[in-house]
Amino acid sequence: MRDSKEAGLAERARRSSFQLFLRDWLPVLLYITVILTLSAQPNLKPPINWQGADKFYHLAEYGGFGWLLGRAFRDTLPARRIVLATLIAIFAGAAFGAFDEYFQSFVPGRESSVYDFIADSAGVILAQMVALLVARD
């Protein structure tokens, strides 16, 4: 009887891990796919263009990415590790932004810019600040 109880607990833990992946990490992976698909487009221009539009789009794109990353890390790490999850999300989001800018340097008609990286990182940081304020309430 004890073996069946332990097997049931193990099955429940495995199922909840899979549900955690579907709920938290699959959206992150899909968002990464969208970012890389857009980054691979030669000569991609903003849909609505004004001065600074490119930086705004980077901020918004990585704000969404940062929100998903923060949620995934907060749900994955043990309770009361909100600050750690936030810092990991900022580091991971900024690292991916740097990789994305490097990747774009190989795409014809695209440019890699430290200012785009700054906008990417700012989007991730802004998302984490909003998440911390929401969690506080």
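Residues numbered from 1 in each chain as written. Predicted model: local features only at pLDDT ≥ 70, side-chain atom pairs only at ≥ 80, totals over all residues. Heavy atoms only, no water.

The helix and strand inventory of the chain stands at four helices and zero strands. What you see in the chain, going N to C, is helices and strands ordered as α-α-α-α. Out of the 137 residues in the chain, the part that is buried amounts to 28%. For the chain, the computed accessible surface area is about 9100 Å², with 68% contributed by carbon and sulfur atoms. (Helix = DSSP H or I, 4+ residues; strand = E, 2+ residues; numbered from the N terminus. Buried < 20%, exposed > 50% of the residue type's maximum accessible area, 1.4 Å probe, protein only. Areas by Shrake-Rupley, 256 points an atom, 1.4 Å probe, with all protein chains shown as cover.)

Let us now look at the packing of helix α2 (residues 53-76) against helix α4 (residues 114-136). With their axes 6 Å apart at the nearest point, α2 and α4 run at an angle of 45° to one another. Relative to α4, the element α2 is oriented oblique. Every pair of crossing elements has a handedness; the one defined by α2 and α4 is right-handed. Contact residues: D54, K55, H58, L59, Y62, G63, G66, W67, G70 and R74 in α2; Y115, D116, A119, D120, A122, G123, V124, A127, Q128, V130 and A131 in α4. Broken down by class, the residue content of the contact of α2 with α4 amounts to ten nonpolar, six polar and five charged. (Axes fitted to C-alpha atoms, helices over the stretch in contact; angles between N-to-C directions. Parallel < 35°, antiparallel > 145°, perpendicular 65-115°, else oblique. Left-handed = near helix turned anticlockwise from the far one by under 90°. Contact = heavy atoms within 4.5 Å. Nonpolar A, V, L, I, M, F, W, Y, C, P; charged D, E, K, R; others polar.)

Grouped together as the largest cluster of nonpolar side chains are twelve residues: V28, I35, Y62, F65, L68, L69, A72, F73, A85, A89, F96 and V124. Within the residue set of this core, elements represented by two or more residues are α1 (2-39), α2 and α3 (82-104). Among the elements that make up this core, the one with the highest residue count is α2 (six residues). Ignoring any residue separated from it by four or fewer positions in sequence, one finds L69 in contact with W25, V28, A89, A92 and G93. (Core = buried A, V, L, I, M, F, W, Y, C linked by side-chain atoms within 4.5 Å.)

Moving on: the pattern of salt bridges. All chains considered together, the criterion is met by five salt bridges. R23 serves as the salt-bridge partner of D75, at 3.3 Å between the closest nitrogen and oxygen. Taken together, the residues span a long stretch of sequence, with D75 in helix α2 and R23 in helix α1 at a distance of 52 residues. Take R23: its relative accessible area is 47%, and that puts it in the partly exposed class. Two residues, R71 and D24, come together in a salt bridge whose shortest N-O distance is 3.6 Å. (Salt bridge = Lys/Arg side-chain N within 4 Å of Asp/Glu carboxyl O.)

Two elements in contact, α3 and α4, have axes whose closest approach is 9 Å; the angle formed by their N-to-C orientations is 160°. Here α3 is positioned roughly antiparallel relative to α4, judged by the angle of their axes. The way α3 lies across α4 gives a crossing that is right-handed. Contacts from I82, T86, A89, I90, G93, A94, G97, A98 and E101 of α3 reach α4 at D116, F117, D120, S121, V124, I125, Q128 and L132.

What follows deals with a nonpolar patch on the surface. A cluster of nonpolar side chains, namely F18, F21, L22, L26, L29 and L30, defines an oily patch on the protein surface of about 520 Å² accessible area. Positionally, L26 belongs in helix α1. (Patch = residues over 30% accessible without salt bridge, like charges linked within 9 Å, V, L, I, M, F, W, Y side chains within 5 Å.)

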